[in-house]
Amino acid sequence: HLVNAMRPKSVARVNTSKLAFKQRENIENYLKAVRRLGMQQSDCFVTSDLYEGKDLNIVVANLAVLGALSHWVDDYKGPTFGARGTAPPRGAEDDDNLAELPDVGGGGGGKAD
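Fair warning: this is a prediction, and the values are worked out from it, not measured in the lab.

Q: Break down a nonpolar patch on the surface for me, citing the residues and quoting the values.
A: Judged by side-chain polarity, L2, L63 and F81 come together as a nonpolar surface patch covering roughly 270 Å² of accessible area. Structurally, L63 can be placed in helix α4 (residues 56-69).

Q: Could you give an account of the confidence of the model for the protein chain, naming the residues involved and the relevant values?
A: A residue-level look at the protein chain finds 74% of positions with pLDDT of 70 or above and a mean pLDDT of 81. When pLDDT is averaged over each element of the protein chain, helix α3 (residues 47-51) comes out on top at 97 and helix α5 (residues 96-99) at the bottom at 47. For the stretch residues 96-113, pLDDT sits under 50, and the model shows 32 contacts to residues farther than four places along the chain or on other chains.

Q: Any chance you could break down the packing of aromatic side chains for me, citing the residues and the numbers?
A: This structure, assessed with the given rule, holds one aromatic pair. Note on Y30 and F45: the rings are 6.1 Å apart at their centroids and 20° apart in plane angle, and the pair reads as stacked. Here Y30, found in helix α2 (residues 20-37), pairs with F45, found in the loop between α2 and α3; they are 15 residues apart in sequence, far enough to count as distant. Grouping residues by exposure puts Y30 and F45 together as buried.

Conventions adopted
Residues numbered from 1 in each chain as written. Predicted model: local features only at pLDDT ≥ 70, side-chain atom pairs only at ≥ 80, totals over all residues. Heavy atoms only, no water. Patch = residues over 30% accessible without salt bridge, like charges linked within 9 Å, V, L, I, M, F, W, Y side chains within 5 Å. Areas by Shrake-Rupley, 256 points an atom, 1.4 Å probe, with all protein chains shown as cover. Salt bridge = Lys/Arg side-chain N within 4 Å of Asp/Glu carboxyl O. Helix = DSSP H or I, 4+ residues; strand = E, 2+ residues; numbered from the N terminus. pLDDT = per-residue confidence, 0-100. Contact = heavy atoms within 4.5 Å. Phe/Tyr/Trp six-rings, centres within 6.5 Å; stacked < 30°, edge-to-face > 60°. Buried < 20%, exposed > 50% of the residue type's maximum accessible area, 1.4 Å probe, protein only.

Here is the structure:
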């Protein structure tokens, strides 16, 4: 829901199931959505960092970067946090590796029309 608040339909479907694979799918969809917002791969965590609690520090750092990105999201008028930075993020659509990621759970992503 967090990324969808910044850019509607970034994650087409948020699973509410308690099943582990559905919860992991939500995390994967979040990671794909923040990459499409322009977050660098080096600022992202892996699913197990959050789901299994393996490295919560990188998860918190990821949220701080998302806060900085929130200043640059077109048409987003909600609250922001963190410093804006001096330049907008590089578009993740320029990243060849992102194009190879499958859309999970209805995908979506990209800019909302």
